[in-house]
Amino acid sequence: MNGRLSDDELLITREFDAPASVLFALWSKPEHMKRWMGPATFTCPEAEIDFRIGGAFRAMIKSAELGENWFGGTYREIEQDRRLVFTFAWENDGPSAGVETLVTITFQERGGKTVQTFHQRPFLNVERRNSHVHGWTSAFDKLESYATTIAKKECTA
């Protein structure tokens, strides 16, 4: 986690070797989300996105150990290549089931690279927040690899 936050907030800032337009697309298109969403041991075989303000998304991440985990939300703000705001809730019966959080992501391009700032809140408690740190960090590792691959393809196209 980065920065000073209250117990119910998560903040992850990460630099990617890809332009903001690539990162934004990887969050906004289901064919891309399926390639990176979820921690390292998970796949994302299902993703549906109605990418507009008021539109919904729903996806499922899956692992051999934990099975299927569905989640979804609604888009609140969309600023092309700069900012996304959406709700996020797990549809399972785990400790975070039914708890709706708000995710705000900003993309700041600097010299062909992009700083992605990911903010999520509120969590029920510190333990629930901390349980998401590994998941998102691991997913962002996959996102970084995929974004770099896509950016290189766009440069050679």
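Thresholds, definitions, all that
- Residues numbered from 1 in each chain as written.
- Predicted model: local features only at pLDDT ≥ 70, side-chain atom pairs only at ≥ 80, totals over all residues.
- Heavy atoms only, no water.
- Helix = DSSP H or I, 4+ residues; strand = E, 2+ residues; numbered from the N terminus.
- Rg over C-alpha atoms; globule rule 2.2 N^0.38 Å.
- Contact = heavy atoms within 4.5 Å.
- Areas by Shrake-Rupley, 256 points an atom, 1.4 Å probe, with all protein chains shown as cover.
- Lys, Arg positive; Asp, Glu negative; His and termini not counted.
- Charge placed at Lys NZ, Arg CZ, Asp CG, Glu CD.
- Pairing = 2+ DSSP bridges.
- Phe/Tyr/Trp six-rings, centres within 6.5 Å; stacked < 30°, edge-to-face > 60°.
- Buried < 20%, exposed > 50% of the residue type's maximum accessible area, 1.4 Å probe, protein only.
- Lys NZ or Arg CZ within 6 Å of the ring centre and 35° of its normal.
- Salt bridge = Lys/Arg side-chain N within 4 Å of Asp/Glu carboxyl O.

Here's the deal with the overall build of the protein
So, point 1. When helices and strands are counted, the protein shows 3 helices and 7 strands.
So, point 2. Computed over the C-alpha atoms, the radius of gyration of the protein is 15 Å, within 12% of the 15 Å expected from 2.2 N^0.38 for a compact globule of 157 residues.
So, point 3. Oriented by its inertia axes, the alpha-carbon framework of the protein measures out at about 45 × 35 × 30 Å.
So, point 4. Residue pairs at least 24 apart in sequence account for 49% of intrachain contacts in the protein once pairs closer than 6 positions are excluded.
So, point 5. By element, 48% of the accessible surface of the protein is carried by carbon and sulfur atoms, the whole surface being about 8200 Å².
So, point 6. The positive charge centre, built from 19 side chains, and the negative charge centre, built from 22, are 3 Å apart in the protein.

Some points on the pairing of strand β3 (residues 56-63)
Successive side chains on a regular strand alternate, one facing one side of the sheet and the next facing the other.
So, point 1. Strand direction decides the pairing type here: strand β2 (residues 43-49) and β3, joined by 5 bridges, are antiparallel. Of the residues in β3, the one forming a bridge with Ala-47 is Ala-59.
So, point 2. As consecutive antiparallel partners, β2 and β3 are separated by 6 residues, and within that stretch Gly-54 has a phi angle of approximately 90 degrees, a positive value.
So, point 3. Here β3 pairs with strand β4 (residues 67-79) via 8 bridges, running antiparallel. Bridge pairing in β4 places Arg-58 opposite Gly-72.
So, point 4. Between the antiparallel neighbours β3 and β4 lie 3 residues.

So, the packing of aromatic side chains
So, point 1. With the rule as written, the count across this model stands at 19 aromatic pairs.
So, point 2. Taking 6.3 Å as the distance between ring centres and 20 degrees as the angle between the ring planes, the aromatic pair formed by Trp-27 and Phe-118 counts as stacked. On the criterion of sequence distance, the pair formed by Trp-27 in helix α1 (residues 20-28) and Phe-118 in strand β7 (residues 113-121) is long-range, its members being 91 residues apart. For the pair Trp-27 and Phe-118, a shared accessibility class is recorded, and that class is buried.
So, point 3. The interplanar angle of 25 degrees and the centroid separation of 5.2 Å between the aromatic rings of Phe-71 and Phe-88 together place this pair among those described as stacked. Of this pair, Phe-71 sits in strand β4 while Phe-88 sits in strand β5 (residues 83-90), placing them 17 residues apart in sequence.
So, point 4. It is Arg-58 that lies over the ring of Trp-70; its NZ or CZ is 4.0 Å from the centre.

Quick look at the pattern of salt bridges
So, point 1. For the structure on display, the rule yields 9 salt bridges.
So, point 2. Across the salt bridge formed by Asp-8 and Arg-121, the nearest N and O atoms sit 3.2 Å from each other. Separated by 113 residues along the polypeptide, Asp-8 in the segment before β1 (10-16) and Arg-121 in strand β7 bring together distant segments of the chain.
So, point 3. According to the relative accessible area criterion, Arg-121 is partly exposed, its value standing at 33%.
So, point 4. Linking Glu-100 and Arg-76 is a salt bridge whose minimum nitrogen-to-oxygen distance equals 3.9 Å. Highlighted residues: Glu-100 in the loop between β5 and β6 (101-110) and Arg-76 in strand β4, separated in sequence by 24 residues.
So, point 5. Linked by salt bridges that have partners in common, Asp-8, Glu-9 and Arg-121 make up one network.

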